[in-house]
Each structure stands twice: as C-alpha cells, then as structure tokens.
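Next come the chains, spelled out residue by residue.
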Amino acid sequence: MTSQNVDFATSAAPADVVRRQYLASAAGDLRALRATLAPDVEWTEMAGFPLAGTYRTPEGVTSNVMEKLADEWDDWTAHDDTYVVDGENVVVLARYTARNKATGKPLDVRVAHHFTVRGGKIVRFEQYVDTAEVRDAMRP
C-alpha cells in the first residue's frame, strides 16, 4: 500500500503523524494533539525556554506546555515548513509566532523540532529555539 492510498487522518507515516500534531496544536485541539502522542511520550522543552523540562504522558504534555503557553501568550503558533525524515526521525524547521499577554511584545523566532515516531505515535520530542528571543518578548 502506498502512502497515497492511506488516509492522512490515520496514516502511521512519521511525517503524517507529526503534521497532525502541528495542525491540532494550531487549532487548539488538545484532544487531537494528545492522540498523536504515545502514552509514554518524552517531550523536552529546551533549557532556557520558559517551560524548560521533560514532560511525560499526553496529558502531562498538554497541561504543562500547550495550556501554559495559551495562558501566557496570544495566538501561540508553531508554523511548520520544512520536514527532514529519516526513518522514525522527523526534524521540522519551523517558526513560533505569538504575542506575550503581559508585555504585548510580539515573538517571531525560528525553531527546530526533533520527533521520534514509532507505531504511529510520537514517542520523543526535543525542541531547539533561541531562548533569548523568547525571554526578550516576556520582559517589560
């Protein structure tokens, strides 16, 4: 079966799973986002990022990352644009855009995300971002 014959919504292809995660995140659909994550997912936000740390379980990821971003930022969006796929590894070059609620300052910063996808689920995520730009947008 070729990927052209597989429905995108159910495809286990690593890039399709990752793309569904970005679409769910952009739509604010945390249920759909959690559906892309393995029960034992390891999600790491980079040291120096405001939410730095490693989170586990789909609920742990959405409550400690996505919900907190929504609390502190307006229109937080990860715009995925370039995918590099090597087996179960998917590296995405992207851009974060948002406006900090406390300062009103905009954020527009390039990022790289490394996903590992197994069995149609994201099992590992690691973020790479210029954390100084994020912190600057949070400073009055």
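Please refer to the structure placed before this passage.
Residues numbered from 1 in each chain as written. Predicted model: local features only at pLDDT ≥ 70, side-chain atom pairs only at ≥ 80, totals over all residues. Heavy atoms only, no water.

1. Things to note about the side chain of Glu 45
Here comes step 1: The residue Glu 45 is located in strand S1 (residues 37–45) in this model.
Here comes step 2: A distance of 2.6 Å separates the side chain of Glu 45 from the side chain of Trp 43, its partner in a polar contact. (Helix = DSSP H or I, 4+ residues; strand = E, 2+ residues; numbered from the N terminus. Polar contact = N/O pair within 3.5 Å; in protein donor to acceptor, adjacent residues only side chain to side chain.)

2. Describing helix H3 (residues 58–72)
Here comes step 1: The end-to-end C-alpha distance of H3 is 21 Å, a good match for the 21 Å that 15 residues give at a rise of 1.5 Å each.
Here comes step 2: Along H3, the residues classified as buried are Pro 58, Gly 60, Val 61, Thr 62, Val 65, Met 66 and Leu 69.
Here comes step 3: On the buried face of H3, the contacting elements are helix H1 (14–27), helix H2 (30–35), S1, strand S2 (53–56) and strand S3 (73–86). (Expected span 1.5 Å × (residues − 1). Buried < 20%, exposed > 50% of the residue type's maximum accessible area, 1.4 Å probe, protein only. Contact = heavy atoms within 4.5 Å.)

3. Looking at the packing of aromatic side chains
Here comes step 1: Tallying each qualifying case throughout the model produces nine aromatic pairs.
Here comes step 2: Ring geometry for Tyr 22 versus Tyr 83: centroids 6.4 Å apart, planes at 70°, classification edge-to-face. Here Tyr 22 is found in helix H1, whereas its partner Tyr 83 is found in strand S3, with 61 residues between them in sequence.
Here comes step 3: Relative to Trp 76, the ring of Trp 73 lies with its centre 5.3 Å away and its plane at 65°, an arrangement referred to as edge-to-face. The same class applies to Trp 73 as to Trp 76, namely buried. (Phe/Tyr/Trp six-rings, centres within 6.5 Å; stacked < 30°, edge-to-face > 60°.)

4. Digging into the side chain of Gln 21
Here comes step 1: The residue Gln 21 is located in helix H1 in this model.
Here comes step 2: Among residues more than four places away in sequence, those in contact with Gln 21 are Leu 33, Thr 36, Trp 43, Met 66, Phe 115 and Ile 122.

5. Points about the pattern of salt bridges
Here comes step 1: Summed over the entire model, instances satisfying the criterion amount to eight salt bridges.
Here comes step 2: Note that Asp 74 is salt-bridged to Lys 101, the shortest N-O span being 4.0 Å. Linking Asp 74 in strand S3 with Lys 101 in the loop between strand S4 (89–100) and strand S5 (106–118), this pair joins segments that are 27 residues apart in sequence.
Here comes step 3: Among the ionic pairs, Arg 118 bridges to Glu 88, the shortest N-O distance being 3.0 Å. Pair noted here: Arg 118 is in strand S5 and Glu 88 is in the loop between S3 and S4, with a separation of 30 residues, a long-range link.
Here comes step 4: Arg 118 sits in the partly exposed class, given a relative accessible area of 48%. (Salt bridge = Lys/Arg side-chain N within 4 Å of Asp/Glu carboxyl O.)

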